[in-house]
Every structure is written in C-alpha cells, then in structure tokens.
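The primary structure of each chain is shown beneath.
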Amino acid sequence: MIISIASGKGGTGKTTVAVNLALSLKNVQFLDCDVEEPNAHLFLKPCIKDEVRAYIPVPEVDEVKCSHCGKCREACAYHAIAVLPGNSVNKGSVLIFPYLCHGCGACSLLCPQKAIKEVNKEIGVVEIGEKEHLQFVHGRLNVGEAMSPPLIRQVKKLINPTRTVIIDAPPGTSCPVITAVKGSDFCVLVTEPTPFGLNDLILAVEVLRKLQIPFGVVVNRSDIGDGKVEDYCRNEHIPILMNISFSREIAVSYSEGVPIVERDVSYQDKFINLYINICGIKNEADSCH
Amino acid sequence: MKQIVVISGKGGTGKTVVTGALAALAKNKVMVDCDVDAADLHLLLHPEIKERHEFRSGQTAVIVKRLCKKCGECRSICRFGAIKPDFSVEPFSCEGCALCSQICPQGAIRMEENVAGEWFISDTRHGPFVHAKLGIAEENSGKLVAKIRQIAKELAEKSGLDYVIIDGPPGIGCPVIASLSGADCALIVTEPTLSGLHDAGRVMELAAHFNIPVKLIVNKYDLNLLMTGKIEEFCRSRNVPVIGKIVFDKTVVKALVEGKNIIDYAECAAGDEVRRVWEGLS
C-alpha cells in the first residue's frame, strides 16, 4: 500500500506524522517527495548508499544544420526558444531558455533540419539509503531550479511495491503536490485547528476528491485554536484518523530532529493505531467500488 | 518604492502572521499574497473585492473520439504519461506542450486554454490588497505570482505608495522564484528547529542566487534556545542580519482564531517584536 502524507498548509506536521508512522511499522519504504525542502532525513538520519543525479532533457541546437526557420519556436508551448532570423549580414541564431523548458521534446522531434538534439541538464539528486530495516529515498532539488515535478517523478520511480510505502509530500495544492500524491492508495491530510489550517485543508480536500484518492485527516496540536476543523470534517463525512495534542515535549523533540517515538515509545501505539484506521477506511472504500 | 517579500523555505513558520502584522504597521503600501495555491492572508485582511479577473494560462490536450484511430503515436511521444490506454487525456498529467496535437496523423487532438485561476484587487482597512486563487490542481503558479506582483507594482507606482509587501509561498521552486525576483529585500521567517535552519539555509542560497538582500527573524525562538543560537551563528557566517526574535506567544493563535492581526488584537510580546522588526526594515 502507498500512503502519502500531505497538508495544503505548510508546517502542520506532515514530516512528523510521516516519520513517526514509518518508524512504528515494519517493512516500510520512505520516500521524501518534498524535494524543495526535504527534511525527513534530519529525523531518520539514514545511511545514504547511493546517489543518482536527476536530469531533464533540454534542447541544444546545431547552428550548422539550423536554417532558422522558426519551427521550434512555434512548437514550444513554454516560450523557451527564441529564433533570430538571418539576413544578408548576420547568420541568425537560436536562443534557448533552459529554465522555461519542460523537456517535452517537441522542438527536437519537429525540427525539419534535425538540428536539435536533447542534452541533459541536472536539476537535482536522488539519494537512496536505509535506516535499519527501513528503505529511504529522497530528492533534493538544486537551488535555483524552478521545476520540482520531474525530480519527484524520479523519486517515485523507485517505489518498492513489496513494502508499505510512505510518501512525505510538499505543502500546497498545485503541481508538486499532485505529482507526489498521484497513484497513492490513501492520503493522510495533516492540519491544525486554526483558520489557516482549515482554509488550506478545504483546498487539499478538493484536490484529493478530484484525484479520487481516499483520505482522512490528522489534527495536529488539536487542543489549540478552535473546533471548526472538527465541524468541517463531520459535515463533510471526512474521518479524523488521529488527534495529536500540543506538547512541549513533541515540539522540543521535533526541534532537535528526534522522532517522538524514539523519545517516548508510548507514541508507537498511537501511530500503529493510525495505520489501523487507514487500513479500515481503505478497505471500506475498496468494498464500495 | 520598495518591494519586501516574506519567505521561509519551510512552511508554517509564521510568514502570514508576520505579514499580517506588517500590514497594520506599514503606511502607504500595497499588500500582496503570492502563496497562490494555499493563500491565507485574506483571513487576516478581510478584503472587499473590487476587481475580479480570470487567469488564463497553459493548455490541455483533448482527443476528439470521433476522429481518433487509436494509432498510438500520441501515447508513444508524450513524456508526461498523460494519455491513457483508452486514448483519453489525464488532465492532471498533461503539461500542455501540444506535441501530441502537432503529430497526430488524424488531426484528432485539439488544445484547450485553461482557466487556471482568478486574481483580485481588493480594499482592506489597511489599504489595497492584490491576491489570487489558483484553480484546484492547476499549474503555472509561478505565472500567476508574476501577474499579481506586476499588478501590485503598477498600483503602487500609480498611487505613489512607498512599499509593496509580499507574503511568499514556502519552498524554493517556481512560485518562490517568481515572488523573489526583483524584490528589494527578502525577510526570512524561520523557527528554532533543525528543519527551520536547514530550509532557511536553502532559501538564503536562493536569494543570493538572485542577488536579493536578506534579513531574518526567528519565530518562537524560546522553544529551543540552543537551536536559535545555531541559527544566529549560521546567519553571522553568511552576513545575514537577524532583525528580530519573537517569543512563543499564545496570543498569536488567539488573534488568528478571531481573524485578527497581532498588532490590532491586543498588546502582546510578539506584536511588540514585529514592531521592532518593522523599524529595522523601514
């Protein structure tokens, strides 16, 4: 089973839930797909065994073959190519803006002169490791790179279906989140009982409903703020899988990069219970289809 | 006119709470919420929407069933896995490159323009506010950010305002780059945790990459004084001034629950510190 942990709002406790859940179960593979700001390794401290550079293909023009016809510029939906046509004095030239390129391959495929080849541009790195019996993979986007989805896809290529896969997703509701949670069997939405938490939870719920992924909610710091998240979940028939009360112990342990289950083993039962709740709802959803 | 952008790398460190307080402190400014896929600043500013505009951006492929011969060309060239085995398009995967529509031998694929969101110009009791809502599961958040920043800048120039104050998104990817580029100053809000330090480091590197001067504040600094010390030391090594340290203050959540900024809500330690921060910024 693939379980992704997402949230809409940042800083609600995605990584805390993902890491502690992973450490409470057996036969787990952990994928940190928050490649812009990967943090799970700070808590799991895995031993990294392998490192794979991640690339996207970007065009390179052979100026000798190029006739400056402009077909590539027309083909590029992302305005990543500009063509300066030649005249009697100048030969003309092609400008490529790699940071706008999505790597779709249209320009090279459609060039009538076969003057464009694709070259690899590094966007980040995928690191693979383990912590005791837990398999660990994360992506780390190079600073200055705009597009994280291709790197997230590279991380997800390493999914090991023989294990319980836990995906730590990035915050938000747009392309990086969708790339991370797509294909999950279940998604846990972590929120907090504040107006910001509720607002972003509602957005995240809309995303999951569109993607048709079964989901439930974990309310973190459940005793601060107000009761509106609970009311919303009740009205929308969204299961609350777990409440985590605010505690200085958790906050301090988090700040030091120590998973709470390692400091206080009694939390293990709570996360195992979360897993049991997930399985229950997943089975219910399956039997409806 | 100066553009100040509030960012953090890590989510949930207090960007919007700080930005909301700056809205109450700064005079002659326009506020902007660039966290377009999980916008929250409106919950503190209570905007009255004056103008509403569609944001059209990008395209999605649509296969016309009647013309499709299921030859499979489109499936074999699509790099995004957006064409399903039954020759329909999975819209969340389609990145709108239009390659399929250009190579389809039957001319059976057309591209449809996306309405990717909406953007607004609003009035608030703290002055004008430009904000947006990205459509659910839409792309191009960077372009929407660029759009609302441009609108805000024009508004500030036209009305002779002194500041554009921007609430940025978390992370370091495309919407963050769009929020940062061309800003006069980036204010990083972080927290005294290992993750906060790690992520602030990456976003500092990003700001340096675009030559944007950076200042930093540590929110809830008393939750881990040792880690706050480490962040200060890290900032010293990078010549980044730490211009504020905000205590963990329960008033912040109380103000939030009532939809108020911490300056107007009540006298509190957190509010006093943001006041000092604003003096350091302005």
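Predicted, not measured: the structure shown is a model, and the values here were computed from it.

Caption draft 1: Representation of the domain arrangement of chain A in the model. Examined at the domain level, chain A breaks down into domain 1 (2-55 + 124-288) and domain 2 (63-114). Once you take the C-alpha centre of each, domain 1 of chain A and domain 2 of chain A turn out to be 42 Å apart.

Caption draft 2: Focus on the sheet that holds strand E2 (residues 28-32) of chain A. Residues and elements named next belong to chain A. Here we have 9 strands laid out as an open sheet, ordered E3-E6-E7-E2-E8-E1-E9-E10-E11, and mixed in their pairing. Here the strands that pair on one side only, and so sit at the sheet edges, are strand E3 (47-61) and strand E11 (240-244). Strand after strand, the sheet turns through a mean of 20 degrees between neighbouring axes, direction not considered. Judged from the 5 bridges that link them, E2 and strand E8 (residues 164-168) form a sheet pairing that is parallel. Across the sheet, Val-28 pairs through a bridge with Thr-164, a residue of E8.

Caption draft 3: Up close: the interface of chain B and chain A. Listed per partner, the contact involves 51 residues of chain B and 53 residues of chain A. Elements with a contribution of two residues or more to the side of chain B that touches chain A: helix H4 (99-103), helix H5 (141-158), helix H6 (174-180), helix H7 (194-209) and helix H9 (250-257) of chain B. Here the element with the most residues in the side of chain B that touches chain A is H7(B); it accounts for 8 residues. The residue makeup of the side of chain B that touches chain A, split by class, is 23 nonpolar, 18 polar and 10 charged.

Caption draft 4: Representation of H5(B). All names here are of chain B. Under the 1.5 Å per step criterion, the end-to-end length of H5 is 26 Å for 18 residues, consistent within 8% with the ideal 26 Å. Listed in full, the buried residues belonging to H5 are Ser-141, Gly-142, Leu-144, Val-145, Lys-147, Ile-148, Arg-149, Ile-151, Ala-152 and Ala-156. Looking at the buried side of H5, the elements it contacts are strand E2 (29-33), strand E3 (48-63), strand E4 (109-124), strand E5 (127-134), strand E6 (163-167) and H6. Two residues or fewer after H5 comes Gly-160, characterised by a positive phi angle close to 65 degrees.

Cut-offs applied
Residues numbered from 1 in each chain as written. Chains lettered and ligands numbered in written order. Predicted model: local features only at pLDDT ≥ 70, side-chain atom pairs only at ≥ 80, totals over all residues. Domains from an automatic or database assignment. Pairing = 2+ DSSP bridges. Helix = DSSP H or I, 4+ residues; strand = E, 2+ residues; numbered from the N terminus. Axes fitted to C-alpha atoms, helices over the stretch in contact; angles between N-to-C directions. Contact = placed C-beta atoms within 7 Å. Nonpolar A, V, L, I, M, F, W, Y, C, P; charged D, E, K, R; others polar. Expected span 1.5 Å × (residues − 1). Buried ≥ 20, exposed ≤ 12 C-beta atoms within 10 Å, placed from the backbone.

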